[in-house]
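Overview (structure and organization)
These are the residues of each chain, in order.
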Amino acid sequence: MSDDNTTAPAPQPTSEENRHASWLELFFDLVAVAGVAQIAHLLHGVPDVSDLGLYALLFLAFWTAWICFTLYANVAYENTHVRTVLAAMFGMAVMAAAVAGVHEGDDQHARVFALAYVLIRVLASRAWQHRRQVLVDWPAAQMSLGVIPWIVSLWAHDPTRHWLWALGIALDLYVTFAVSARDIVEHQEARERRDKNRERDDKQSARRDSARRTSLARSQSEHLSERLGLFVIIVLGEGVAQVVAATSDAEWDKKLYMLAVASFFLLATLWALSFGHGYAGVPHLAAGVLPARAALPLHCFVSGCLAALAAALGAAAEHLETLPDATRWLLCSSLAGYFLLSGLAWLGRAERERRWLLSVALPCCVLPLLLAVFGAQVRTVTVVWLLVLITLWPILYERRAATSSKRAIRTGS
């Protein structure tokens with residue numbers, strides 16, 4: 001990877017099959033650690049609907065900034081401009097630092113957050129223009145339509161500012177699913193032909209334009225899955241950090257010990273489900289069954305649910321008897337959302353069993369919500385252990401199904 005005279009260490013060998021995250025990419029992901037931690041803190045205490053809405057909005061913005069440069073480094077690889085990535089890294093650090101002020105309604109912090117996001121998106125767009133490539137998997141990474149409301153928000157105030165941010169995120173999603181990358185290439189090449197016609201007398205310029213035609217680019221799947229998985233590991237690590245921070249300030253007694261063990265088991269089970277029974281950190285997703293345009297938003301929403309669950313676990317350590325209604329709903333609904341997205345990932349599989357949908361996906365979505373509705377008097381540690389059992393069920397079901405399949409093969413042979 002190079003930027004003028006600056007070169008970042010590149011992993012060897014350079015084949016896609018053996019490629020892993022570079023030191024620059026791992027350094028870049030450290031900002032994701034700080035950003036997820038700051039955004040998860042928005043759900044501390046007893047969050048209300050406005051807190052949840054702001055959390056979702058800021059998480060989507062931060063993840064979008066992260067994925068733009070994750071995909072850039074994925075495609076550019078050894079030609080990644082180090083200064084460009086470091087500049088984006090600094091911008092994301094500024095976004096993370098501004099989160100607390102945004103939550104408190106501070107205009108200066110909100111404008112800094114929005115300005116940093118705009119500059120990161122502009123930087124990403126210029127990086128792709130420099131490469132003369134259009135990313136098929138995520139066209140929004142280089143299009144400015146979703147950035148326009150963020151620019152307008154620099155002169156707005158709450159709550160109008162937040163609605164403008166939401167509009168920007170929505171436009172990015174629209175571009176991702178509705179705009180064809182080939183259409184973007186054709187538009188770019190048409191503009192280049194117009195510029196070429198203006199300079200037809202300049203043969204050297206014409207040759208340069210011909211050599212720099214816009215092309216399509218696709219992400220390298222194995223390397224991208226590793227980066228996406230690392231992001232989910234970061235989010236699960238935030239859950240551990242939340243529990244550690246909450247328990248370090250509390251009085252250590254039997255209730256706290258039991259809750260700490262239950263929380264660890266829940267996070268460990270989610271890790272096993274996301275990676276042992278999933279792909280790129282998304283549970284029940286198989287490699288190559290969904291296009292990146294669908295898999296990337298799925299990864300974003302799964303990560304958002306896990307980060308919300310991490311915040312709820314930290315809050316649970318502060319309420320060892322029973323959970324406040326808002327905390328219980330946050331804990332249970334985030335797990336239900338995780339399993340709902342797991343079901344959507346499962347729908348992309350070529351081989352699907354309706355029995356799995358009824359026996360696993362549906363109960364895992366419904367049971368946490370029932371616990372949220374009727375668990376007001378249930379002890380905190382019991383709530384967490386019940387969630388552990390719900391999370392274990394898909395793993396046990398699949399192991400049982402695999403054992404039955406092996407027995408059937410042996411019997412048939």
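As a reminder, the structure under discussion sits directly above these lines.
Everything in this summary refers to the structure shown in the same document. Keep in mind that this is a model prediction, so the values were computed, not measured. (Residues numbered from 1 in each chain as written. Predicted model: local features only at pLDDT ≥ 70, side-chain atom pairs only at ≥ 80, totals over all residues. Heavy atoms only, no water.)

1. Digging into the overall build of the protein
From N to C terminus, the protein includes 14 helices and six strands. Within the protein, contacts between residues separated by at least 24 positions form 79% of all contacts whose residues are at least 6 apart in sequence. Accessible surface computed for the protein: about 19800 Å², of which carbon and sulfur atoms make up 60%. (Helix = DSSP H or I, 4+ residues; strand = E, 2+ residues; numbered from the N terminus. Contact = heavy atoms within 4.5 Å. Areas by Shrake-Rupley, 256 points an atom, 1.4 Å probe, with all protein chains shown as cover.)

2. With respect to the packing of aromatic side chains
This structure, assessed with the given rule, holds 13 aromatic pairs. Ring plane angle 85 degrees and centroid distance 6.2 Å describe the contact between Phe 69 and Tyr 72, whose orientation is recorded as edge-to-face. With a gap of three residues between them, Phe 69 and Tyr 72 both fall in helix H2 (residues 49-76), about one helical turn apart. Just as Phe 69 is buried, Tyr 72 falls in that class too. (Phe/Tyr/Trp six-rings, centres within 6.5 Å; stacked < 30°, edge-to-face > 60°. Buried < 20%, exposed > 50% of the residue type's maximum accessible area, 1.4 Å probe, protein only.)

3. Remarks on helix H13 (residues 354-374)
Taking 1.5 Å per residue, 21 residues should reach 30 Å; H13 reaches 29 Å between its end C-alpha atoms and fits that length. Along H13, the helix axis deviates most sharply at Pro 363, where the bend reaches about 35 degrees. (Expected span 1.5 Å × (residues − 1). Bend = angle between axes of the 7 residues up to and from the residue.)

4. A few points about the pattern of salt bridges
Inspection of the entire model under this criterion finds seven salt bridges. Here Arg 161 ties to Asp 107 by a salt bridge, and the two come within 3.2 Å at their closest N and O atoms. Here Arg 161 is found in helix H6 (residues 160-178), whereas its partner Asp 107 is found in helix H4 (residues 107-131), with 54 residues between them in sequence. Take Asp 107: its relative accessible area is 26%, and that puts it in the partly exposed class. (Salt bridge = Lys/Arg side-chain N within 4 Å of Asp/Glu carboxyl O.)

5. Regarding unusual backbone geometry
Pro 159 follows Asp 158 through a cis peptide bond whose omega is 0 degrees. Along the chain, the position of Pro 159 falls in the loop between helix H5 (148-152) and H6. Unusually for a residue other than glycine, Tyr 77 sits at a positive phi of about 55 degrees. Along the chain, the position of Tyr 77 falls in the loop between H2 and helix H3 (82-103). Non-glycine residue His 284 carries a positive phi angle of around 65 degrees. Along the chain, the position of His 284 falls in the loop between strand E6 (282-283) and helix H11 (292-316). By relative accessible area, which is 1% here, His 284 ends up buried.

6. Section: the state of the cysteines
In total, this model carries zero disulfides according to the counting rule given. Free of any disulfide, Cys 300 has its nearest cysteine sulfur in Cys 305, 9.6 Å distant. What makes Cys 300 buried here is its relative accessible area of 3%. (Disulfide = S-S within 2.5 Å.)

7. Here's the deal with the packing of H2 against H6
Relative orientation of the contacting elements H2 and H6 amounts to 45 degrees, with a least axis distance of 10 Å. With respect to H6, the axis of H2 lies oblique. Where H2 crosses over H6, the handedness of that crossing is left-handed. Contact residues: H2 offers Leu 54, Leu 57, Leu 58, Leu 60, Ala 61 and Thr 64, while H6 offers His 162, Trp 165, Ala 166, Ile 169 and Asp 172. (Axes fitted to C-alpha atoms, helices over the stretch in contact; angles between N-to-C directions. Parallel < 35°, antiparallel > 145°, perpendicular 65-115°, else oblique. Left-handed = near helix turned anticlockwise from the far one by under 90°.)

8. Here we look at the side chain of Glu 238
Counting through the fold element by element, Glu 238 comes out in helix H9 (residues 221-248). Although buried, Glu 238 forms no salt bridge, and the nearest oppositely charged side chain, Arg 227, lies 17 Å from it. Only 2.7 Å separates the side chain of Glu 238 from the side chain of Gln 242, close enough to count as a polar contact. Sequence-distant contacts of Glu 238, that is, excluding residues within four places in its chain, are made with Val 36, Ala 37, Ala 40, His 41 and Ala 310. (Lys, Arg positive; Asp, Glu negative; His and termini not counted. Polar contact = N/O pair within 3.5 Å; in protein donor to acceptor, adjacent residues only side chain to side chain.)

9. Topic: the side chain of Thr 269
Along the chain, Thr 269 falls in helix H10 (residues 254-276). Residues in contact with Thr 269, not counting those within four places in the same chain, are Val 388, Thr 391, Leu 392 and Ile 395.

10. Considerations on the environment of Leu 216
Position of Leu 216 relative to the elements: it lies in strand E4 (residues 215-217). On the accessibility criterion, Leu 216 (36% relative accessible area) is partly exposed. Put simply, Leu 216 and Val 134 are 82 residues apart on the chain and 5.0 Å apart in space, counted from C-alpha to C-alpha.

11. Overview of the packing of helix H12 (residues 325-347) against H13
The interhelical angle for the contact between H12 and H13, taken along N-to-C directions, is 165 degrees, at an axis separation of 7 Å. Taken together, the axes of H12 and H13 are roughly antiparallel relative to one another. The handedness of the crossing between H12 and H13 is left-handed. Side by side, H12 and H13 meet where Arg 328, Trp 329, Cys 332, Ser 333, Leu 335, Ala 336, Phe 339, Leu 340, Ser 342, Gly 343 and Trp 346 of the first sit next to Trp 356, Leu 357, Cys 364, Cys 365, Pro 368, Leu 369, Leu 371, Ala 372 and Val 373 of the second. Among the residues forming the contact of H12 with H13, the class breakdown is 16 nonpolar, three polar and one charged. (Nonpolar A, V, L, I, M, F, W, Y, C, P; charged D, E, K, R; others polar.)

So, to be careful, I would describe these as geometric facts and stop short of saying anything about function.
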